[in-house]
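Architecture at a glance
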Amino acid sequence: TRVDNPMSDEQPVLLNITPGQTAVITLNRPDRHNAFNDEVISGLTEIFDLLAKNTDEVRFVILRGAGKSFSAGADLEWMKDQSYNTLDANREDAQALADMLYKLYSLPQLTVALVQGAAMGGGAGLVAACDVAVAVKDTKFRFSEVKLGLTPATISPFVIRAIGPRWARALFASGEGFDAQFAHQIGLVQYVIGSADEFAGMEEHLASLAFAAAPGAVADAKTLVHDVAGEEIDHGLMKNLAHRIADRRASDEGKEGLAAFLEKRKPRWAE
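Since the structure is predicted, the reported quantities are computational estimates derived from the model, not experimental observations.

**Topic: the overall build of the chain**
Counting secondary structure elements, the chain contains ten helices and nine strands. Here the chain has a C-alpha radius of gyration of 19 Å; the compact-globule value for 271 residues is 18 Å, and the two agree. When the backbone C-alpha atoms are referred to their principal axes, the chain occupies close to 60 × 45 × 40 Å. A total of 271 residues make up the chain; the buried ones form 43% of that total.

Set out below in structure tokens:
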């Protein structure tokens, strides 16, 4: 495994990019259950910016947490310190978190969260901002902000897109905890596994799907869902979508994919 940015094991976020075009991002504060502070947020932001520009080098992105937990959300000591700052400083700090989450959501690659232990508050927000989530069955989830007199504001668009407004409202307002099976039922995670030992098999399965797909088509498919979700189905929308598929058919990837299928060979991106 090649380490592409000069981050030591002491760093709060690690990035490994393999020769096989996979990026593994590790939240690396296991003693704090990978709770995030300004260093974690800035580290993730830097990594997401790097990956967004390197679609040739990276086609599959994994987000995981070191140690027992995926992420306990925001570091409470850090949050306490922030509460004594000015309103402007608080807004700037919150904006950094919002921007980081949006950069993760907007990555052109297929993104996968591997979740164990706990995914609380902002940690569950990271899960929702990824395309795919795999969780160990005993993982604990909770949008616990209301218990602290706060709201899950910055993570809300990603969570609402994942689970819908009905469950989001119930879970945001109650702060009730739930397990991975329930997270699966409401759409927060797609796969539930028995133990962390099964992560490797899931990584392999999802990587095989990612590398069989055309990189540009993956990015466009993600944008398609973002643009169409919640839109009224009318003539204007259908015209826009017809243009999109026509553009894809005429693209280099579209031509190569169809030719490869008809010639019974692998397309260039899957070789």
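**A word on the layout of surface pockets**
Empty pockets left among the atoms are what a rolling probe the size of a water molecule brings to light. The space that makes up the largest pocket amounts to roughly 790 Å³. Mapped onto the lining of the largest pocket, the elements with two or more residues apiece are helix H2 (76-83) and helix H3 (87-105). Here the residues of the lining of the largest pocket sort into 16 nonpolar, nine polar and four charged. Taken as a whole, the second largest pocket holds about 640 Å³ of empty space. In this structure, the second largest pocket is lined by 27 residues; those nearest its centre are Tyr105, Cys130, Asp131, Lys222 and Val225. Elements represented by at least two residues in the lining of the second largest pocket include exactly H3, helix H4 (122-129), strand E6 (132-136), helix H5 (156-174) and helix H8 (215-228). Per-element tally for the lining of the second largest pocket: the top contributor is H8, with seven residues. For the lining of the second largest pocket, the class distribution of residues is 19 nonpolar, five polar and three charged.

**Quick look at the packing of aromatic side chains**
Tallying each qualifying case throughout the model produces eight aromatic pairs. The interplanar angle of 50 degrees and the centroid separation of 5.3 Å between the aromatic rings of tyrosine 105 and phenylalanine 158 together place this pair among those described as tilted. In this pair, tyrosine 105 is assigned in helix H3 and phenylalanine 158 in helix H5, connecting sequence segments 53 residues apart. On the basis of relative accessible area, tyrosine 105 is assigned to the partly exposed category, the value being 22%. According to the relative accessible area criterion, phenylalanine 158 is buried, its value standing at 7%. Taken together, a centroid distance of 5.1 Å and an interplanar angle of 75 degrees make the contact between phenylalanine 143 and phenylalanine 172 edge-to-face. Placement of the pair is phenylalanine 143 in the loop between strand E7 (140-142) and H5 and phenylalanine 172 in helix H5, with a sequence separation of 29 residues. There is no split in this pair, since phenylalanine 143 and phenylalanine 172 are both buried. Grouped by ring-pair contacts, the aromatic residues Phe141, Phe143, Trp167, Phe172, Phe178 and Phe182 constitute a single cluster.

Reading guide: rules and limits
- Residues numbered from 1 in each chain as written.
- Predicted model: local features only at pLDDT ≥ 70, side-chain atom pairs only at ≥ 80, totals over all residues.
- Heavy atoms only, no water.
- Helix = DSSP H or I, 4+ residues; strand = E, 2+ residues; numbered from the N terminus.
- Rg over C-alpha atoms; globule rule 2.2 N^0.38 Å.
- Buried < 20%, exposed > 50% of the residue type's maximum accessible area, 1.4 Å probe, protein only.
- 1 Å grid on protein atoms, 1.4 Å probe; cavity = no way out; pocket = protein on both sides within 12 Å on 5 of 7 lines; lining within 4 Å.
- Points joined across faces, edges and corners; volume = space filled by probe spheres on them.
- Nonpolar A, V, L, I, M, F, W, Y, C, P; charged D, E, K, R; others polar.
- Phe/Tyr/Trp six-rings, centres within 6.5 Å; stacked < 30°, edge-to-face > 60°.

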